Amino acid sequence: MSSGLTPSQTIGPFYWGTLVNSCRADLAPPGVAGERIELVLSLHDAEGALVSDGLIEIWQANSHGRYNHPDDRRNLPLDPGFEGFGRASTDAKGEARFATVRPGRVPWPDGGMQAAHVNLSIFARGVLNRLATRLYFDGDPALGEDPVLKRVDSKRRASLIARRDPAGAWRLPVHLGGARETVFFDL
Amino acid sequence: MNQDTYRRPATGQHPPNLSPDYKSTPLRSPSQAAIVLPQTLSEITGPLLAGESIGALENDLTRQRSGEPLGERIVVHGRVLDEDGRPVPQAVVEIWQCNAAGRYHHSGDQHDAPLDPNFFGGGRYRAGDDGSYQFITIKPGAYPWKNHHNAWRPAHIHFSLFGPAFATRLITQMYFPNDPLLAFDPIYKSVPPGARERLQAAFDIEATRPEWALAYRFDIVLRGRNATPMEN
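Since the structure is predicted, the reported quantities are computational estimates derived from the model, not experimental observations.

### Description of the interface of chain B and chain A
Across the contact, 67 residues belong to chain B and 60 residues belong to chain A. For the side of chain B that touches chain A, the elements supplying multiple residues, two or more each, are strand E1 (35–36), helix H1 (41–44), strand E3 (92–96), strand E4 (122–126), strand E8 (156–161), strand E9 (170–175) and strand E12 (220–222) of chain B. Residues belonging to the side of chain B that touches chain A are distributed by class as follows: 28 nonpolar, 28 polar and eleven charged. Summarising the sheet, strand E9 (residues 185–186) of chain A and E1(B) pair through two bridges and their orientation is parallel. Considered in E1(B), the bridge of Asp186(A) is made with Val36(B).

See below:
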């Protein structure tokens, strides 16, 4: 038996407040292991204009590289209190901020390891399907061997790599279109 | 060789990102094709919100304020399933909607229709082991939007689901059966015919509660698993 998938629709502009827990931006309460980091994701349309009515979700492994999920069966520590999920709306500056820990590396199915990354879901008015992308960390020596980045044209890889700002936060602009269009993934 | 854990949707199941009749899409849709990724641990895991405490009344949108909201009380229920008809147990279902007059409890909604102090419009529920969920709410109104001349959104309820993995994340909208506005709505019609009809709930006389509320059934189908799950 096979049932048809329920089709996707836009989140629209009016989720804020009524989508319960539309802000869950601090992922790592005290006691969670790992390097504390701040992520600042800005959302832009194809002409570069800020998108201030978007919703960004993140999903990541903990600092040991373990996902808090039953299908990650590896014998690595889980952190009580760290699920790895965050959700934040973009503000008037088009930015969504998360306080979390730097994720550890996770394996690639055919062997080897992926570089440390955070999985991103982008939703907004005018976005009919969840747009999935990733955030990698500038300066990570593992970037050159990451199997996902190897699948991306070298000219577009920078769209996936967050850079540190002077205050120490990791910043990644996400462009929904235009000359700097972000690389999105079909999962 | 890696085998995907979750089946990839056939074409025609979801709307194209660029749907020009919906005028917000041209500047907000990627022009380059998404790069196909094998499903790794990053894609086959995802938030289950297992630690999230969901209150017993969070699925009753008519009892979140001091008084009863105005409008037609309805029951919206169904099951969260995968493509093979298997339940997605304990799935968190989130909904949000406008009130009976067609106005959202949101500062950005400037439609000239009354706010209802007794209606907030957001709810959530954790499905049972059989994937079943239920909400009590008020039938949302239609409202105008500025997409084109005389544009009106058909009455709808927004649904958000995580499912078992990052790969199964879905946000969608539920519509009411045979709404005449569906024929004019570019968001509903962004989904190809043959699939868009799945976004219409079914009127459900069996679940309708005598002397109290009409019921609508809306089953949600998320991506199914391949026959042989990937082992890590």
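### Focus on the sheet that holds E8(B)
All names here are of chain B. With respect to topology, four strands assemble into an open sheet ordered E4-E3-E8-E9, the strand pairing being antiparallel. In this open sheet, the two strands that pair with only one neighbour each are E4 and E9. Taken pair by pair, the neighbouring strands of this sheet meet at an average axis angle of 25 degrees, ignoring direction. Bridging between E3 and E8 involves four bridges; their strand directions are antiparallel. Counted as the bridge partner of Trp96 is His158 from E8.

### Notes on the environment of Gly224(B)
Residue and element names in this part refer to chain B. Mapping Gly224 onto the fold places it in the segment after E12. A count of 18 C-beta atoms within 10 Å places Gly224 in the partly exposed class. With 216 residues separating them along the chain, Gly224 and Arg8 place their C-alpha atoms 8.7 Å apart.

Here is what the cut-offs are and how they apply
- Along every chain, residues carry numbers that run from 1 in the direction the sequence is written.
- Note on labels: chains are lettered from A, ligands numbered from 1, in written order.
- At least 70 in pLDDT is required for a residue's local features to be given in this predicted model, at least 80 for side-chain atom pairs to be given and counted, and no such filter applies to totals for whole chains, interfaces and linings, which use all residues.
- Two residues form a contact once the distance between their C-beta atoms, set from the backbone, is within 7 Å.
- Numbering of helices and strands starts at the N terminus; helices are DSSP runs of H or I of at least 4 residues and strands are runs of E of at least 2.
- The residue classification treats Ala, Val, Leu, Ile, Met, Phe, Trp, Tyr, Cys and Pro as nonpolar and Asp, Glu, Lys and Arg as charged. All others, Gly included, are polar.
- Note on pairing: two strands pair once DSSP finds at least 2 bridges between them.
- The convention used is that axes are lines fitted to C-alpha atoms, helices contributing only their stretch in contact, and that angles between N-to-C directions extend from 0 to 180 degrees.
- Working definition of burial: number of other C-beta atoms within 10 Å of the residue's own, with buried at 20 or more, exposed at 12 or fewer, and partly exposed in between, all C-beta atoms being placed from the backbone.

The values reported here are purely geometric and, on their own, carry no functional implication.
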